[in-house]
Amino acid sequence: MKKKIIFMIINMNVGGTEKALLNMIDEIPKDKYDITLLMLENYGEFLKYVPSEVQIEYLKGYDSIKNLLNEPPLRIALNFMKKGNIRNAIKIAYFYLISKLTKNRGIYFHHVLRFSPVLDNVYDLAVAYAGPMDFISFFVLNKIKANKKVQWIHFDITKIGFDQHFVSKVYNKFDKIFVVSKEGKNKLIKALPMLKGKAETFHNMMSKELIVNKANKGIGFNDDFNGFRILTVGRLSKEKGQDLTIKVLAKLKENGYNVRWYCIGEGNARQEYEQLIKKYKVENDYILLGANSNPYPFMKQCDIYVQSSRHEGFCITLSEAKCFNNPIISTNFTGASEQIFHGRTGILVNFDEREMFYGIKQLLEDNKIREKISENLQNEVVD
């Protein structure tokens, strides 16, 4: 009889967490395991890549409680008051204030989910996979029947909003906690020592062969630029740090370097970044390419790959970039030093405009360093 696994996630938008999940699902033998993907929201570019053998389900009634989870409860209570719904306003305010006073968000979640039944099926393993969304952790523990339950952490707990009191109560109820980098695991244990016996490192899974095959099937750059192409891949958000790269490009252009910077990704910081691009007058040389579920042709064809994140849990795009042996510069976020050997397989810099500028300058001017990094990457096992 097949074992049953259920993964719970927010949606399947183009992102590192979702990509890591797809990679893991691809590796799980379908003749031994029945896999269910439970999603809060029915959308995402990566949905089309979920194998047909995987059963996709959506949390019933999520649309009716989404605002209760994502908006400030007191604002929701005020809106109920304005509509004359005094009873619901009092309930929301009451359960929110009790949860604040007791430092137990579970009280509020219990109220929100009071009409949501426990799922019918019994699973061998249930995984709260979605990262820093406490609701998913709570749901897996309280509304899914499973012999074993796992919490997955894809983020740096010292950088993302982290309700330490809630987590100390909830995470200890999981059978295992997987963190995607050693450094990330150490930070978790330092913050919550009681989890030491349950926390383990589980790097994001990746197939170099699959990535290289996808690179060979795509088109990549289609302009006639003949200088150095620099590439960054990631959601357009402050945590991914593209704002730093715009300033660095402006400095490179001021110093006479023939470079063009391409950025693959989409997100809520696009408008801010478009304004920055105009401010630094690099409209012709900082190219926002938008979201692309197959960025690998660009990774293969670029001259330098830059990962500019302020913080990460591990960063799967950095692992993917290593598959193409092009020189890499990365900010030294959590997990970066587990992927890049500074000076050997890439250059690590602090999140600093000056450091990144000089790192790129070094690669642009010294062909031997570029060749050395490319050769070392070629000899490294990336899998």
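Numbers given for residues are sequential positions, taken from 1 along each chain in its written order. It should be noted that, the model being predicted, local features are given only for residues of pLDDT at least 70 and side-chain atom pairs only at 80 or more, the latter also being counted only at that level, while totals for whole chains, interfaces and linings use all residues. The side-chain numbers reported here are obtained from all heavy atoms of the structure, hydrogens and water having been left aside.

Considering the packing of aromatic side chains
Working definition: a ring pair exists when centres of Phe, Tyr or Trp rings (six-membered ring for Trp) sit within 6.5 Å. Plane angles under 30 degrees give stacked, over 60 give edge-to-face, the rest tilted. Under the definition given, this model contains 16 aromatic pairs. Each ring, one from Phe135 and one from Phe139, has its centre 6.1 Å from the other, and the planes form 50°; the classification is tilted. With a gap of four residues between them, Phe135 and Phe139 both fall in helix α6 (residues 134–143), about one helical turn apart. There is no split in this pair, since Phe135 and Phe139 are both buried. The interplanar angle of 75° and the centroid separation of 5.1 Å between the aromatic rings of Phe357 and Tyr358 together place this pair among those described as edge-to-face. On the accessibility criterion, Tyr358 (42% relative accessible area) is partly exposed. What links up through ring pairs into an aromatic cluster is the set Phe7, Tyr129, Trp152, Phe178 and Phe202. Here a helix means four or more residues in a row that DSSP labels H or I, a strand means two or more in a row labelled E, and each is numbered from the N terminus. Using a 1.4 Å probe on the protein chains alone, a residue whose accessible area is under 20% of its type maximum counts as buried, one over 50% counts as exposed, and one in between counts as partly exposed.

Topic: the pairing of strand β6 (residues 176–179)
Note on pairing: two strands pair once DSSP finds at least 2 bridges between them. Here four bridges tie strand β5 (residues 145–153) to β6, and the two strands are oriented parallel to one another. Within β6, the position partnered with Val150 by the bridge is Lys176. Running through helix α7 (residues 164–170), the crossover from β5 to the neighbouring parallel element β6 is right-handed. The handedness rule is simple: strands pointing away from the viewer, and a clockwise path from the first strand over the helix to the second, make the crossover right-handed. Once the chain exits β6 it traverses helix α8 (residues 182–191) before rejoining the sheet at strand β7 (residues 199–201), and the crossover so formed is right-handed.

A look at the environment of Pro117
In this structure, Pro117 sits in the loop between α5 (105–112) and β4 (122–128). Overall, Pro117 belongs to the exposed group, its relative accessible area being 59%.

Describing a nonpolar patch on the surface
Patch construction takes residues with relative accessible area above 30% that form no salt bridge. Like charges are linked within 9 Å, and nonpolar side chains (Val, Leu, Ile, Met, Phe, Trp, Tyr) are linked within 5 Å. Per-residue and other accessible areas follow the Shrake-Rupley method at a 1.4 Å probe size, with only the shown protein chains counted as cover for residues. The term salt bridge refers to a side-chain nitrogen of Lys or Arg lying within 4 Å of a carboxyl oxygen of Asp or Glu. On the surface, a cluster of nonpolar side chains totalling about 500 Å² of accessible area is made up of Leu78, Met81, Ile86, Ile90 and Tyr94. Only α3 (73–82) and α4 (86–101) provide two or more residues apiece to the nonpolar patch. By secondary structure assignment, the location of Met81 is in helix α3. The exposure class of Met81 is partly exposed, given its relative accessible area of 44%.

Brief notes about the packing of helix α10 (residues 242–254) against helix α14 (residues 353–365)
Every axis in this analysis is a line fitted to C-alpha atoms, fitted for helices over the stretch in contact. Angles between the N-to-C directions lie between 0 and 180 degrees. Closest axis-to-axis distance for the α10/α14 pair is 9 Å, and the angle between their directions is 55°. Taken together, α10 and α14 sit at an angle that is classed as oblique. As for the relative orientation of α10 and α14, their crossing is right-handed in sense. Between α10, through Leu244, Thr245, Lys247, Val248, Lys251 and Leu252, and α14, the contact on the second element is made entirely by Glu353, Met356, Phe357, Ile360 and Leu364. Amino acids are sorted into nonpolar (Ala, Val, Leu, Ile, Met, Phe, Trp, Tyr, Cys and Pro), charged (Asp, Glu, Lys and Arg) and polar (every other residue, Gly among them). Taken together, the residues of the contact of α10 with α14 sort by class into seven nonpolar, one polar and three charged. Roughly parallel means an angle under 35 degrees; roughly antiparallel means over 145; roughly perpendicular covers 65 to 115; every other angle is labelled oblique. Crossings are assigned a handedness: left-handed for a near helix turned anticlockwise from the far helix by less than a right angle, right-handed for a clockwise turn. We call two residues in contact when some of their heavy atoms are within 4.5 Å.

So, the pattern of salt bridges
For side chains of opposite charge, pairing can occur when their charged atoms come near one another. This structure, assessed with the given rule, holds 19 salt bridges. Across the salt bridge formed by Glu320 and Lys19, the nearest N and O atoms sit 3.1 Å from each other. Of this pair, Glu320 sits in helix α13 (residues 316–321) while Lys19 sits in helix α1 (residues 16–27), and the two are 301 residues apart along the sequence. Comparing Glu320 with Lys19, the two get one shared label, buried. With its nearest N and O atoms 2.8 Å apart, the salt bridge here joins Glu41 to Lys66. Residue Glu41 is located in the loop between β2 (33–39) and β3 (55–58), and its partner Lys66 is located in helix α2 (residues 62–70); the two are separated by 25 residues in the primary sequence. According to the relative accessible area criterion, Glu41 is buried, its value standing at 10%.

Side note on the layout of surface pockets
A probe as big as a water molecule, rolled over the atoms, marks out the empty space that is left. With a 1 Å grid spanning the protein atoms alone, the term cavity applies to any set of points in which a 1.4 Å probe fits but cannot get out, the term pocket to an open set with protein on both sides within 12 Å along at least five of seven lines, and the term lining residue to any residue with an atom within 4 Å of a point. Grid points are joined across faces, edges and corners, and a volume is the space filled by probe spheres set on the points. Looking at the largest pocket, its volume works out to about 1200 Å³. Along the walls of the largest pocket sit 50 residues, with Gly15, Gly16, Thr17, Glu18 and Arg235 positioned nearest its centre. Those elements that provide at least two residues to the lining of the largest pocket are α1, α2 and α13. Of the residues forming the lining of the largest pocket, the biggest block, four residues, is contributed by α1.

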